[in-house]
Amino acid sequence: HTYYSLDFEFVAKMNSEEKDQGRIVVVGFHGGAEGIKALYTPRKVEIFMGENRGEVVRFARTAVDAGADIVLGSGPHVVRGIEIYKNRLIAYSLGNFATYKTFNLWGFNSVSLILETDIGPKGEFVAGRIIPIRQIEHGIPTYDISGEAIDLIRYLNLTDFKTTGAVIAQDGTLGKKSEAL
């Protein structure tokens, strides 16, 4: 299904209907401001170039409250924090995986990741892992041995999701706050 990310009632209705049918529900959204200034995930409506780009925390949590098992965000063109909300994984932005020539790849703009996650039979978060990626040259994704995506998301989780942020080990392994990695 495709729906407007500013229509919270419709999002809740659609997720609830899917969950009622016993399905694992994965929600993807494109929202939030863009660029290096959008690393942090605010709890308010974001505006970019005059456009309402949504209130992504409210959207993602509404989706989970209505039955979503995983929520994956994109839009800011940079990575954002990852939280475990009600035992469900929410990644607020995975960054850009691959681009071509016209994108600024300076600094954090080139940082990305592959996100692996395991979920239980009812959609609950079990485990996960960040595989750090960096775009090089004209946007070619390559494994980032420095692990900058891991370090950056660990920091963003401390600032943006103090109580719900995923715990991330130096090797990229994801866990819940109650788990020691």
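The structure displayed is predicted, hence computed values, not measured ones. (Residues numbered from 1 in each chain as written. Predicted model: local features only at pLDDT ≥ 70, side-chain atom pairs only at ≥ 80, totals over all residues. Heavy atoms only, no water.)

Undergrad: Run through helix α3 (residues 148-160), naming residues and quoting values.
TA: Given a rise of 1.5 Å per residue, 13 residues ought to cover 18 Å, and the 18 Å separating the end C-alpha atoms of α3 matches this to within 8%. Considered for burial, the residues of α3 that qualify are Ala149, Ile150, Leu152, Ile153, Leu156, Asn157 and Asp160. Angular distribution of buried residues about the axis of α3 spans 165 degrees; they occupy a single face of the element. Those residues of α3 that are buried are in contact with β5 (82-85), β7 (111-119), β8 (125-136) and β10 (167-168). (Helix = DSSP H or I, 4+ residues; strand = E, 2+ residues; numbered from the N terminus. Expected span 1.5 Å × (residues − 1). Buried < 20%, exposed > 50% of the residue type's maximum accessible area, 1.4 Å probe, protein only. Arc of directions from axis to C-beta. Contact = heavy atoms within 4.5 Å.)

Undergrad: Describe the pattern of salt bridges, and please don't skip the residues or the numbers.
TA: Tallying each qualifying case throughout the model produces 12 salt bridges. As a salt-bridge pair, Glu17 and Lys13 come within 2.8 Å of each other at their nearest N and O atoms. One end of the pair is Glu17 and the other is Lys13, both in helix α1 (residues 8-20) and four residues apart, which spans about a single turn. Using a relative accessible area of 35% as the deciding quantity, one classes Glu17 as partly exposed. (Salt bridge = Lys/Arg side-chain N within 4 Å of Asp/Glu carboxyl O.)

Undergrad: Any details on the pairing of strand β4 (residues 70-74)? Residues and values, ideally.
TA: Pairing between strand β1 (residues 26-30) and β4: five bridges, direction parallel. Note on β4: the bridge partner recorded for Val27 is Val71. Summarising the sheet, β4 and strand β6 (residues 88-91) pair through three bridges and their orientation is parallel. Bridge pairing in β6 places Leu72 opposite Ala91. (Pairing = 2+ DSSP bridges.)

Undergrad: Describe the confidence of the model for the protein chain, listing the residues and the values that go with them.
TA: Per-residue confidence for the protein chain gives a mean pLDDT of 91, with 96% of residues at or over 70. Confidence, expressed as mean pLDDT per element, reaches its minimum in the protein chain at α1 with 84 and its maximum at β6 with 98. (pLDDT = per-residue confidence, 0-100.)

Undergrad: Which residues make up the packing of α1 against helix α2 (residues 56-65), and what are the values?
TA: Helix-helix packing is characterised by the crossing angle of the two axes and by the distance between the axes. α2 packs onto α1 with a crossing angle of 30 degrees between their chain directions and a minimal axis gap of 8 Å. Between α1 and α2, the angle falls in the class roughly parallel. For the crossing formed where α1 meets α2, the hand is right-handed. Here α1 contributes Phe8, Val11, Ala12 and Asn15 to the contact with α2, which in turn contributes Arg58, Phe59, Thr62 and Ala63. Looking at side-chain class alone, the contact of α1 with α2 contains five nonpolar, two polar and one charged residues. (Axes fitted to C-alpha atoms, helices over the stretch in contact; angles between N-to-C directions. Parallel < 35°, antiparallel > 145°, perpendicular 65-115°, else oblique. Left-handed = near helix turned anticlockwise from the far one by under 90°. Nonpolar A, V, L, I, M, F, W, Y, C, P; charged D, E, K, R; others polar.)

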